[in-house]
Amino acid sequence: MSDAKTQIDETIKANDVVLYMKGTKSMPQCGFSSRVAGVLNYMGVDYLDVNVLADDAIRQGVKDFADWPTVPQLYVKGEFVGGCDIITEMTLSGELDTLFEENGVTYDKDAAEKIREANA
C-alpha cells in the first residue's frame with residue numbers, strides 16, 4: 001500500500017488540481033464522479049483525472065491517504081478538499097471560487113455564476 005500512497009502523494013504534488021474518480025472526466029462511471037467532473041469541466045478547470053477503477057491499489061490507497069471512505073476525491077495544490085457533497089456545497093456557496101482564486105487555479109467565473117443561478 002505504501003507504493004500507492006507514494007504514487008498518490010507524487011501525483012497531487014505534481015498537479016494543481018487532481019480528481020480521483022470512477023471513470024474519466026470525459027466518461028465518468030458513477031453519478032457522484034460525474035457531478036464533480038461536470039462542475040470542473042463546465043468551469044473550465046484544468047485538472048488531472050485519475051480513474052480509480054483502473055487500479056485497485058489506487059482505489060483503496062486514495063481512501064486511506066485522505067482517510068475519506070468514498071470516491072470522488074478532489075485535491076487542490078496537494079490538499080484534500082472533499083468529495084461530491086462538499087464540492088457541490090462549495091460550488092453553490094462560492095467557496096470553490098475562493099479556493100481556486102487563493103491557489104491560482106484558473107476557472108471560468110461566469111460559468112461558476114451560471115451554476116449558482118441554475119441552482120438558486
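Let us look at the structure shown here. (Residues numbered from 1 in each chain as written. Predicted model: local features only at pLDDT ≥ 70, side-chain atom pairs only at ≥ 80, totals over all residues. Heavy atoms only, no water.)

**Some points on unusual backbone geometry**
Here's step 1: Residue P72 follows V71 across a cis peptide bond; omega there is 15°.
Here's step 2: As for its placement among the helices and strands, P72 is situated in the loop between α3 (56–66) and β3 (73–76).
Here's step 3: Phi at D67 is positive, roughly 55°, even though this residue is not glycine.
Here's step 4: Classification of D67 as exposed rests on a relative accessible area of 69%.
Here's step 5: Even without being a glycine, K77 presents a positive backbone phi close to 50°. (Helix = DSSP H or I, 4+ residues; strand = E, 2+ residues; numbered from the N terminus. Buried < 20%, exposed > 50% of the residue type's maximum accessible area, 1.4 Å probe, protein only.)

**Examining the packing of helix α4 (residues 84–93) against helix α5 (residues 95–102)**
Here's step 1: Direction vectors running N to C along α4 and α5 enclose 90°, while the axes themselves pass 5 Å from each other. Here α4 lies roughly perpendicular to α5, going by the angle between them. In this structure, α4 contributes I87, M90, T91 and S93 to the contact, and α5 contributes E95, L96 and L99.
Here's step 2: Of the residues that constitute the contact of α4 with α5, the class distribution is 4 nonpolar, 2 polar and 1 charged. (Axes fitted to C-alpha atoms, helices over the stretch in contact; angles between N-to-C directions. Parallel < 35°, antiparallel > 145°, perpendicular 65-115°, else oblique. Contact = heavy atoms within 4.5 Å. Nonpolar A, V, L, I, M, F, W, Y, C, P; charged D, E, K, R; others polar.)

**Details of the sheet that holds strand β2 (residues 48–51)**
Here's step 1: Taken in spatial order, the 4 strands make up an open sheet running β2-β1-β3-β4, and their pairing is mixed. Two strands bound the open sheet, and with one partner strand each, they are β2 and β4 (79–82). Between one strand axis and the next, the sheet turns by 25° as a mean value, whatever way the strands run.
Here's step 2: In this sheet, β4 lies alongside β3 in antiparallel orientation, the contact comprising 3 bridges. Note that in β4 the partner of V76 across the bridge is E79.
Here's step 3: Across the sheet, α3 lies against β1 (17–21), β2, β3 and β4, angled at about 60° from β3, the strand it touches most. (Pairing = 2+ DSSP bridges.)

**Side note on the nonpolar core**
Here's step 1: One finds M43, V45, L74, L96 and F100 to be the most contacted residues of the largest nonpolar core, which totals 23 residues.
Here's step 2: Going through the elements one at a time, β1, α2 (31–42), β3, α4, α5 and α6 (109–118) are the ones with two or more residues in this core.
Here's step 3: Here this core gets 4 residues from one element, more than from any other, and that element is α2.
Here's step 4: Once residues within four sequence positions are removed from consideration, M43 is found in contact with T91, L96, D97, F100, Y107, D108, A111, A112 and I115.
Here's step 5: Core analysis: the next-biggest nonpolar cluster, separate from the first, contains 12 residues, I8, V18, V71 and Y75 among them. (Core = buried A, V, L, I, M, F, W, Y, C linked by side-chain atoms within 4.5 Å.)

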